[in-house]
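# Observations on chain architecture
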Amino acid sequence: MEMAEEVYSNLMREIKDGRFVWTGELEPAKDIDEAIEAANELKGLVTACNVTDNPQSFAAINSLAASYKIQEETGMECIYQLRCSDRNRMALCSDVMGAGILGLKNILTLTGDYVSLGDTPKAKPVYDLDSTTLTRMIHTLVHEGKDISGTEIPNPPKLHVGAAAGPGMDPLEPELYKLKRKSIAGAEFFQTQVVYLPETIDRFFKGVKELGVETPILVGIFPAKSYGAAKFFDEYVTGVDVPQDFLKNLEATKQIKDKEKRKEEVDRVNIEYFTGFLEHLKGTPAVGCHIMAVGYPRIIPELKKIIE
Amino acid sequence: MNAQTPKPFEEVLEYLEGKKKIVLMGCGGCATIYHTGGIKEIDEMAEKLTKEGKEISKIGLPFGLFTCFLPMSSMVLNENKKAIEDCDAMLMMSCGDGLQAVRGYLEDEWGIVKPMYPSNNALGFSSGGPSDFIEECQGCGDCELGKTAGVCPLVRCAKGLMNGPCGGVREDGKCEVNEDQECAWVTIYKRLEKFGELDKLLEIREPHDWSKQSRPRTVTVEHPIDLLKELAGTKKVIESLGV
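Residues numbered from 1 in each chain as written. Chains lettered and ligands numbered in written order. Predicted model: local features only at pLDDT ≥ 70, side-chain atom pairs only at ≥ 80, totals over all residues. Heavy atoms only, no water.

## Regarding the overall build of chain A
In plain terms, the rule: Numbered from the N terminus, helices here are DSSP runs of H or I no shorter than four residues, and strands are runs of E no shorter than two. For the radius of gyration, the atoms used are the C-alpha atoms, and the globule rule reads 2.2 Å times the number of residues raised to 0.38. Partly exposed residues are those whose accessible area sits between 20% and 50% of the maximum for their type, while under 20% is buried and over 50% is exposed, using a 1.4 Å probe and protein chains only. Every accessible area reported is derived by Shrake-Rupley at a probe size of 1.4 Å, with residue values counting cover from the shown protein chains alone.
Of the regular secondary structure elements, chain A holds 11 helices and 8 strands. Since a compact globule built from 308 residues should have a radius of gyration of about 19 Å, the 19 Å found for chain A is in line with a globular shape. Seen through its principal axes, chain A has C-alpha atoms that stretch 60 × 45 × 35 Å. With 308 residues in all, chain A has 56% of them scored as buried. If you sum the accessible surface of chain A, you get close to 13,400 Å²; carbon and sulfur atoms cover 50% of it.

Shown next, in the form of structure tokens:
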């Protein structure tokens, strides 16, 4: 068996078994407790959870430390996110080797938001590597047992490297070429930015097919636990258009005074929207869903019913 | 060219606090183009500083004489040696190269140490003009343009990505950091498409070699130019243009 065929994580096991895979997202910020609580809530609902690395360029608890702590304390398998914004190639390499000895099994490589977007705008942006060369560096560490300088390492980390994709990018073509490049660099799975529109998914998978990319892709979805959460995505996240009908239906729930009834209505709006979306997704090559519903785990069993 | 903008006058005044006799020195190169240290700006600065009670001597360089190029600026410095020796401080209306070239000349050739202050903030290499300029090259020491369709992603991409675009491209291909600029990698994509070379986008470009930028970098030119001969050549061209 070739090394590339080895499976180290539950995430990769389920992808290879051809099961529809669900991943979640944890956002440790300046404190870890909430993320640990959320990981406990997501147990049994998703196969693994992404642990964000300085999201939106706000300095947060180190994602390597957080991934390890979450995995140790909750048993939730982590997808350790690693961005190029804040570390040079030496630091990235040492962090990945560190992830290996801490028993982390998946890494997601990211370029990272520009530093000026967050709470530390005067920081020196690094970007010594980019998501493609970081992916290749990790692939080389795992599969060739060589670090960034080409030096052989005795116990290579045993983990899988994934990368991100943006189905809603405009123009889409440069993004598709980058996706292909990252698959050549060794990406074993992709998780996409949030998508709401079936036509965005179709356009994306058509391009993926034309470029001959066969790497498994999990499509990002964002069931919104409130109108505000959906509105934020619509306004501030590039490449994501939230459908106006969905937004309007969520906005209408704000009128409901009774808290429990409002929650029920928010759930109903989400289920109604995502039933159509997930039914559509079944007919695409997507191997799973990455659910970025931070703080909204109760919706996940309902979504899984649609697929199963 | 080295793009530059003037510092706030208050900052300049703070530097010169307690200093009476000031020599202002400009530059006939970039500082003249950017109106930060041409002869006109030196006159304006002299007037403002005189009102603040300073005694001013002016060293203006006509267009084409560069302060950072010592074979040129040393001629002017030598003419003004007395004023420089007598001053309490020099205010350099040039880029940081100009200031430091003169500082080194005074120390190494004349053996005098004078407080020297900048009146400008230099922004680095730029191209274009006469009004609008953009940074295109950062002088990294290992030019990547041959691999990136003649567009430098180290400069034009806010993140300096060798394998872009990033996930932050705005609608219509604009950069998430600089909304007015097209994403460098969208530009590179469009150019390669026109050449019929999109397959080049599937190559993984190596991380940039930053060892070529370990500082300070020094360069030795084996056969330095003959300044007067070169100036004579320039004169000929100018005459042929009917100036």
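Next comes the rest of the account.
## Points about the side chain of B:Ser126
Residue and element names in this part refer to chain B. The line we're drawing: Every residue pair with non-hydrogen atoms within 4.5 Å of one another is taken to be in contact.
Mapped onto the elements of the fold, Ser126 is located in the loop between β6 (120-125) and β7 (127-128). Since its relative accessible area comes to 10%, Ser126 is described here as buried. Among residues more than four places away in sequence, those in contact with Ser126 are Met1, Ala3, Tyr34, Phe133, Ile134 and Glu135.

## Section: the domain arrangement of chain B
Selection criterion: The domain boundaries here were taken from an automatic or database domain assignment.
Domain parsing of chain B yields domain 1 (2-128) and domain 2 (140-204). The distance between the C-alpha centroids of domain 1 of chain B and domain 2 of chain B comes to 38 Å.

## Remarks on helix α4 (residues 89-101) of chain A
Because each turn of an α-helix spans 3.6 residues, side chains separated by three or four positions end up pointing in the same direction. Residues and elements named next belong to chain A. We count it as follows: To estimate the expected span of a helix, count its residues, drop one, and scale the result by 1.5 Å.
With 13 residues, α4 ought to run about 18 Å at 1.5 Å a step, and its terminal C-alpha atoms sit 19 Å apart, in line with that. Those residues of α4 that fall on the buried side of the exposure criterion are Leu92, Cys93, Asp95, Val96, Gly98 and Ala99. Looking at the buried residues of α4, the elements they touch are α3 (63-74), β3 (77-83), β4 (106-110) and α5 (131-144).

## What to know about a nonpolar patch on the surface
All names here are of chain B. Threshold: A patch is a set of surface residues, each over 30% in relative accessible area and not in a salt bridge, joined within 9 Å for like charges and within 5 Å for the nonpolar side chains Val, Leu, Ile, Met, Phe, Trp and Tyr. The salt bridge criterion pairs a side-chain nitrogen of Lys or Arg with a carboxyl oxygen of Asp or Glu, the two atoms within 4 Å.
Where nonpolar side chains cluster on the molecular surface, the patch consists of Val237, Ile238, Leu241 and Val243 and spans about 410 Å² of accessible area. Along the polypeptide, Leu241 turns up in the segment after α9 (227-240). Of the residues examined, Leu241 reaches a relative accessible area of 63% and is grouped as exposed.

## Some points on the nonpolar core
The condition that has to hold: Among buried residues, those of type Ala, Val, Leu, Ile, Met, Phe, Trp, Tyr and Cys that are joined through side-chain atoms within 4.5 Å constitute a nonpolar core.
Membership of the largest hydrophobic core comes to 103 residues, with the highest contact counts inside it found for A:Ile70, A:Phe277 and A:Leu278. At 7 residues, helix α10 (residues 259-282) of chain A tops the list of elements feeding residues into this core. Excluding residues that lie within four positions of it along the chain, A:Phe277 makes contacts with A:Val195, A:Tyr196, A:Leu197, A:Pro198, A:Ile201, A:Val219 and A:Ile221. The next biggest cluster of nonpolar side chains, apart from the first, holds 20 residues, and it includes B:Leu61, B:Val76, B:Tyr105 and B:Trp110.

## Details of the side chain of B:Glu144
All names here are of chain B. Short version of the rule: Pairs of N or O atoms are called polar contacts if they sit within 3.5 Å, as long as, within protein, a hydrogen donor faces a hydrogen acceptor (for residues adjacent in sequence, only side-chain-to-side-chain pairs).
Position of Glu144 relative to the elements: it lies in the loop between β8 (133-134) and α7 (153-156). The exposure class of Glu144 is buried, given its relative accessible area of 5%. Separated by 2.7 Å, the side chains of Glu144 and His208 make a polar contact. With residues up to four places along the chain from it excluded, the contact list for Glu144 reads Leu154, Met162 and His208.

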